[in-house]
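Summary of the model geometry
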Amino acid sequence: MNNSKMETGIPDIFSDSSTVTAKGLDAAPAEEQYAASHYRYNLPQELIAQEPLPDRASARCLIVDTTSAGRGEGKVQLTDKHFTDIADYFSEGDVLVLNNTKVIPARAFAYPKGTNPDKDNTVEILFTQYEGGSSWKAMISKTVEPGTVLLLNGAESAEIVIEKCDDEGEVFLNFTGSTGWDVLDAIGETPLPPYIQGRGHSEEYISEMYNTVYAKERTSCAAPTAGLHFTPELLQALASKGVKVREVTLDVGLGTFKPVVVNDLRNHAMHTEHCFCPVNVINDIKNARAEGHNVVAVGTTSLRTLASIPPEVWENPSDFSTDTNIFIYPGSEMASRVDCIDGLITNFHAPETTLMMLVSVVAGYDEIMEAYNHAVESKYRFMSFGDGMLIKRHSWRD
């Protein structure tokens, strides 16, 4: 991968692909804030972290303080810290919201039954969603006809049958005589993001480092990466200060890597992911804000879960579960939904992505671009295994 690809598109999700997705042919918007190119910045390839740090909490953390800018008193304040310092920014009664999803060993290779595996007939499969019974939704690297029986490399006794396949590589398939979980646990690999070149470590190590220490729900094929910085000791330090550490679940799909291929971001089709927020979390957030405490989401997935909760559920709390495709960008109808939080812990995202657009709402466009330029100049590590930031919004209480 080279830096020009980062400026024009995102590599395909499959490990053996070198192609990128080109921009669409829709008209460029008159308003700059709706142009995907408005969220472009120069990201040198060498700043894209290829390895996790052995000590999760040793990652750098940029404090992006927008409180003064929000009051019209000056520019954003940027402070270079480490995640080991993060507890200093929390007080008793604050709420920290984590996404407790766990990445499954969703990557496997297969070939048609009755053939010998070789480069030409081997396909890569990314199992994206368990549908119940023996059924799965998946992405496949090559077009395969419905009815095709595939054998998985490393588990040739396990057969899968392709039920249907669309032009974009999404398939519905069934395992023969299995739910599929036992097979993936035996031969599946943790699916790393497409911008990480090579694996270089054992599957056991990758699975550990590409999951948070609090991961529970086996529902995702990508990690909520802002949470990778937390250690048990750091979480205990926060709890000891009286911070309420709470959990939601959003099933992170491969759509999180989906590039914005339109010129006018209002034409972008957002991917759908399932999310769940327990009633006690909603109540804790409401009470914290009423009492003048801060609510901080860890990662854009936690924020998207909270932002998906409609006003009537905030008004009359209950367990909340839905399939969400909420798309939050400056000027969108949903932009005000981020007001459910006072702070966001997040990693540094790729240019022209929906994640860049979301954090531009959280911090402000000018503020986030200044923070990103500072991070590039200061050689922060970017993307999933990289460093992160704490955004203190205008509503933050010190």
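Further up the page is the structure itself.
Residues numbered from 1 in each chain as written. Predicted model: local features only at pLDDT ≥ 70, side-chain atom pairs only at ≥ 80, totals over all residues. Heavy atoms only, no water.

Considering the environment of T301
- Looking at the element boundaries, T301 is found in helix α7 (residues 300-308).
- The contacts of T301, once residues within four sequence positions are left out, are N99, P224, L250 and V252. (Helix = DSSP H or I, 4+ residues; strand = E, 2+ residues; numbered from the N terminus. Contact = heavy atoms within 4.5 Å.)

Focus on the nonpolar core
- By size, the foremost hydrophobic cluster in this structure holds 74 residues, and its most contacted members are L303, L306, F382, M389 and I391.
- Looking at this core element by element, the count peaks at seven residues for helix α9 (residues 354-363).
- Dropping the residues within four chain positions of it, I391 is found in contact with V64, D342, G343, L344, T346, V359, V362, A363 and I368.
- V123, L126, F127 and I187 belong to the second-largest nonpolar core, a separate cluster that totals 28 residues. (Core = buried A, V, L, I, M, F, W, Y, C linked by side-chain atoms within 4.5 Å. Buried < 20%, exposed > 50% of the residue type's maximum accessible area, 1.4 Å probe, protein only.)

What about the packing of α7 against α9?
- Contact geometry of α7 with α9 gives a least axis separation of 11 Å together with a crossing angle of 65°. Relative to α9, the element α7 is oriented roughly perpendicular. With respect to the hand of their crossing, α7 and α9 are arranged in left-handed fashion. Note on element contacts: α9 touches α7 through L355, L358, V359 and V362, opposite T300, L303 and R304.
- Among the residues making up the contact of α7 with α9, the classes are represented as five nonpolar, one polar and one charged. (Axes fitted to C-alpha atoms, helices over the stretch in contact; angles between N-to-C directions. Parallel < 35°, antiparallel > 145°, perpendicular 65-115°, else oblique. Left-handed = near helix turned anticlockwise from the far one by under 90°. Nonpolar A, V, L, I, M, F, W, Y, C, P; charged D, E, K, R; others polar.)

Thoughts on empty space enclosed by the protein
- What the rule picks out here adds up to six cavities of 30 Å³ or more.
- Within this model, the second largest cavity holds a volume of roughly 100 Å³.
- Around the second largest cavity sit P52, L53, R56, A59, M209, L228, H229, R381, S384, F385 and G386, which together line it.
- Within the lining of the second largest cavity, the residues separate by chemical class into six nonpolar, three polar and two charged. (1 Å grid on protein atoms, 1.4 Å probe; cavity = no way out; pocket = protein on both sides within 12 Å on 5 of 7 lines; lining within 4 Å. Points joined across faces, edges and corners; volume = space filled by probe spheres on them.)

Quick look at the pattern of salt bridges
- Across all of its chains, the model carries 17 salt bridges by this definition.
- A salt bridge links K216 to E247, with the nearest nitrogen and oxygen atoms 2.7 Å apart. With K216 in the loop between α4 (203-209) and β11 (217-220) and E247 in strand β12 (residues 244-250), this residue pair connects regions lying 31 residues apart in the sequence.
- Residue E247 is classed as partly exposed on the basis of its relative accessible area of 24%.
- Residues participating in the shared-partner salt-bridge network are R107, E124, E189, R199 and E203. (Salt bridge = Lys/Arg side-chain N within 4 Å of Asp/Glu carboxyl O.)

Focus on α7
- Most of α7 sits inside the fold, with nine of its nine residues counted as buried.
- Of the positions making up α7, those classed as buried are T300, T301, S302, L303, R304, T305, L306, A307 and S308.

Focus: the sheet that holds strand β9 (residues 155-165)
- The strand order around the closed barrel built from six strands is β5-β6-β7-β10-β9-β8, with neighbouring strands paired in antiparallel fashion. With direction set aside, neighbouring strand axes in the sheet form an average angle of 45°. (Pairing = 2+ DSSP bridges.)

Comments concerning the packing of α9 against helix α10 (residues 365-377)
- Where α9 contacts α10, the axes come no closer than 7 Å and their chain directions differ by 115°. Of the possible angle classes, the one that applies to α9 and α10 is roughly perpendicular. In terms of crossing hand, the pair formed by α9 and α10 is right-handed. On α10, the residues touching M356, V359, S360 and A363 of α9 are Y365, E367, I368, M369 and Y372.
- Looking at the contact of α9 with α10 residue by residue, the classes come out as seven nonpolar, one polar and one charged.

Digging into the packing of aromatic side chains
- Using the criterion set out here, one finds 16 aromatic pairs in the structure.
- With a centroid separation of 6.2 Å and an interplanar angle of 85°, the aromatic rings of Y34 and Y329 are classed as edge-to-face. Note that Y34 is positioned in the loop between α1 (3-8) and β1 (60-65) and Y329 in the loop between β15 (320-324) and β16 (343-347), a separation of 295 residues in sequence.
- Aromatic ring contacts, followed pair by pair, group Y41, F348, Y372, Y380 and F382 into a single cluster.
- The ring centre of F172 lies 4.9 Å from the NZ or CZ of K164, which sits over that ring.
- The positively charged end of R266 is found above the aromatic ring belonging to Y34, 3.9 Å away from the centroid. (Phe/Tyr/Trp six-rings, centres within 6.5 Å; stacked < 30°, edge-to-face > 60°. Lys NZ or Arg CZ within 6 Å of the ring centre and 35° of its normal.)

Points about unusual backbone geometry
- The backbone phi angle of K379 is positive, close to 60°, even though this residue is not glycine.
- Its place among the elements puts K379 in the loop between α10 and β17 (388-392).
- Residue K379 is classed as exposed on the basis of its relative accessible area of 59%.
- Even without being a glycine, M383 presents a positive backbone phi close to 75°.
- By relative accessible area, which is 4% here, M383 ends up buried.

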